[in-house]
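# Overview (structure and organization)
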Protein chains: 2
Amino acid sequence: MSYKDIVKAYEVLKGTDLKDYGSDAFRSEILTAYRFAADLVNRAKRVNLTSQVPGKSYFSVRQGKRTSRAINAGLFEESKTTVERSFCGPVKTKDQAKAMTRAAYTIAISVCAAIDINKSNDQKTPGTFFELLVGHLMTRRLNVSPQTEIQILNLESEKRLPTDFIFDLGKGHRKYHVPVKTSTRERVIQVWAHQRVLDGVYGVGQIQGMLVALAETKVEKKSGTVVEICLPDQWRIYQMFIAQMKAAYYLDVPDKYAKLGETRPKIEVKPLGDIFLDDLDS
Amino acid sequence: MSYKDIVKAYEVLKGTDLKDYGSDAFRSEILTAYRFAADLVNRAKRVNLTSQVPGKSYFSVRQGKRTSRAINAGLFEESKTTVERSFCGPVKTKDQAKAMTRAAYTIAISVCAAIDINKSNDQKTPGTFFELLVGHLMTRRLNVSPQTEIQILNLESEKRLPTDFIFDLGKGHRKYHVPVKTSTRERVIQVWAHQRVLDGVYGVGQIQGMLVALAETKVEKKSGTVVEICLPDQWRIYQMFIAQMKAAYYLDVPDKYAKLGETRPKIEVKPLGDIFLDDLDS
């Protein structure tokens, strides 16, 4: 059991064809990465962090000189069996949705934290793993595999634009644009800008935008405190002037964003598990 | 003469009010930072780089373990006197515009390179210095000081949005949106997205967008080669579907972007010195 085992599972996932993102083999490889990560996280030293996020408490794990990102203590499931059962089971009730959010959070944060304490300054591997995890869940939810580029037509040339996940349910059905980020911060404007391009290419309302994100926490190293970095006013401005995102699904939902569903311009921000219950076609 | 002298000049510039960006004192502080930087760069070891950019040759400077970004040998002016004369003089002819591009390039790249070889992984200081330099030049060009936030109106609230430089020439005149980046890469979509927000708030065509950038070079460390990272097809797509930027001004103009002025959708990409000759109101 070592960090190399996680990397091995990660490489298998990364090398998988988009069309197989919903397969049992893909899911089983995600769980393999998770199990190794959970063991590494369990062996590391836990450090409680001072939380400045109302109602949430966080810890980090530490190994040698490296400290992991913040882990939400209330969302983190200690039992591997519970995580696997919730992740693989059906999601048809509110309780099952809640358990799925918890399981997906624990899988994502365990793998990210294991990478944090084994490799310095690696943002890319955690980000890509999270994308693969969300790719799997969305494929299960929508019963169709994602694509990651679209065709752009104009009079003189024909181009292909690389995109975040697009799920195309076929003729007469909606398409979905699913950008995936471990955290958004000031880069979030890209999400609305890509939605605007898709609106231009396919027509407004044809492709529904749904952001999926892990968390917005940041550990301030000097003080060891956890804050959530949220820019709700900027989200509102982008929603008014760039394009309209239908929803954002988080694993660790920031309260300031959850409130964006209450006032106009409305953006529904919810736990990721809810995506299995929500009527996405509305 | 040491790195601290550059930091001192930088702090003075950074602490200056936006309304004083066009002042002689501000300009003189830019030149102070440049003179110290030029001395540090001159004392460092020069290393020729293998250029994969057609028609351009580059070198780096090295001090201890730190190596600077790539410096365009053909644009870099060795004579401090020439740099200062070109930077302070009038820009009314093509030759003067060319000399201004050369002077501004030498100032910017000297300060950036001096920071590179004195501080590890500092991207923020070079970026902010470049912003201050461009802020000064644009204030001189447009005879008005920049602002860095705008008001957003909607029915329920009144918000202020932080922006890149906005130059407002007053009632009946055009406004200018001037995002400033040392390099753009994949983050460039932000430029078009901000333009879209401004179009929505003020009306399309009311605020003209002009990107100002230093260069698009990247040194591949292992091989010691210099490449230019350009995404002209993506610029075209953003120009068609997000908003319309009027022009981009570079100090070290990438050839692939210069060609964007030749085909529709048109984006004029030119050397920064030309901004003093161009009719910006057209």
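This report concerns the structure included in the present document. The structure displayed is predicted, hence computed values, not measured ones. By convention here, each chain's residues receive numbers from 1 onward along its written sequence. The order in which chains are written sets their letters, starting at A; the order in which ligands are written sets their numbers, starting at 1. For a predicted model such as this one, the threshold for reporting local features is a pLDDT of at least 70, and the threshold for listing and counting side-chain atom pairs is 80 or more; totals across whole chains, interfaces and linings nevertheless cover every residue. Excluding hydrogens and water, the side-chain figures rest on all heavy atoms present in the structure.

### Thoughts on the interface of chain A and chain B
Selection rule: We call two residues contacting when some pair of their heavy atoms lies within 4.5 Å. Defined in terms of a 1.4 Å probe, buried area is the accessible area two parts forfeit on being brought together, summed over both. Strands here mean DSSP runs of E at least two residues long; helices mean DSSP runs of H or I at least four residues long; both are numbered from the N terminus. Three categories are distinguished: nonpolar for Ala, Val, Leu, Ile, Met, Phe, Trp, Tyr, Cys and Pro, charged for Asp, Glu, Lys and Arg, and polar for the others, with Gly belonging to the last.
At the junction of the two partners, chain A supplies 24 residues and chain B supplies 24 residues. Between chain A and chain B, a total of about 2,200 Å² is buried, with carbon and sulfur atoms accounting for 70% of that surface. Sorting the residues of chain A by area buried against chain B places Arg196(A), Ile237(A) and Phe241(A) first, and these three jointly supply 25% of that buried surface. Those elements that provide at least two residues to the side of chain A that touches chain B are β6 (158-168), α6 (189-202) and α7 (232-241) of chain A. The element best represented in the side of chain A that touches chain B is α6(A), accounting for 8 residues. Taken together, the residues that form the side of chain A that touches chain B break down as 12 nonpolar, 5 polar and 7 charged.

### Quick look at the packing of aromatic side chains
Centre-to-centre distance and the angle between the planes together describe a pair of aromatic rings. We count it as follows: Between 30 and 60 degrees the pair is tilted, below 30 it is stacked and above 60 it is edge-to-face, where a pair is any two Phe, Tyr or Trp rings, Trp via its six-membered ring, whose centres lie within 6.5 Å. Buried, partly exposed and exposed residues are distinguished by accessible area as a fraction of the type maximum, computed with a 1.4 Å probe on protein chains only: under 20%, between the cut-offs, and over 50%, respectively. Definition used: whenever NZ (Lys) or CZ (Arg) falls within 6 Å of the ring centre and also within 35 degrees of the ring normal, the charge is taken to sit over that ring.
Taken as a whole and judged by the stated rule, the model has 16 aromatic pairs over all chains. With 4.7 Å between their ring centres and 20° between their planes, Tyr21(A) and Phe26(A) make a pair best called stacked. Overall, Phe26(A) belongs to the buried group, its relative accessible area being 2%. Ring-pair connections join several aromatic residues into one group, and the members of that group are Trp192(A), Trp235(A), Tyr238(A), Tyr250(A) and Tyr257(A). Just above the ring of Phe87(B) sits the side chain of Arg140(B); from NZ or CZ to the centre is 5.8 Å.

### Quick word on the pairing of strand β9 (residues 207-213) of chain A
All names here are of chain A. Which entries qualify depends on this criterion: Two strands qualify as a pair provided that DSSP identifies no fewer than 2 bridges between them. For a crossover, the right-handed case is the one in which the path from the first strand over the helix to the second runs clockwise, viewed with the strands pointing away from the viewer.
For β9, a buried count of 7 out of 7 residues is recorded, marking the element as mostly surrounded by other parts of the structure. Side chains Ile 207, Gly 209, Leu 211 and Ala 213 project from β9 onto one buried face, and the interleaved Gln 208, Met 210 and Val 212 project onto a second face that is buried too. In this structure, strand β7 (residues 175-178) lies alongside β9, joined through 3 bridges in parallel fashion. Opposite Lys 175, over in β9, you have Ile 207 as the bridge partner. Bridge count for strand β8 (residues 180-181) against β9 is 2 bridges, and the pairing is parallel. Following the sheet pairing, Val 180 is matched in β9 by Val 212. Regarding topology, α6 serves as the crossover connection from β8 to the parallel β9, and that connection is right-handed.

### Details of the pattern of salt bridges
This is how it is decided: Each reported salt bridge corresponds to a side-chain nitrogen of Lys or Arg within 4 Å of a carboxyl oxygen of Asp or Glu.
Taken as a whole and judged by the stated rule, the model has 31 salt bridges over all chains. Where Lys56(A) meets Asp252(A), a salt bridge forms, and the shortest distance between an N and an O atom there is 2.8 Å. Of this pair, Lys56(A) sits in the loop between β1 (45-51) and β2 (58-63) while Asp252(A) sits in the loop between β12 (247-250) and α8 (255-258), and the two are 196 residues apart along the sequence. Each member of the pair, Lys56(A) as well as Asp252(A), is classed as buried. Between Asp24(B) and Arg27(B) there is a salt bridge, with the nearest N and O atoms lying 3.6 Å from each other. Taken together, the positions of Asp24(B) and Arg27(B), both in helix α2 (residues 24-43) and 3 residues apart, correspond to about one turn of that helix. Among the residues examined, Arg27(B) registers a relative accessible area of 19% and is labelled buried.

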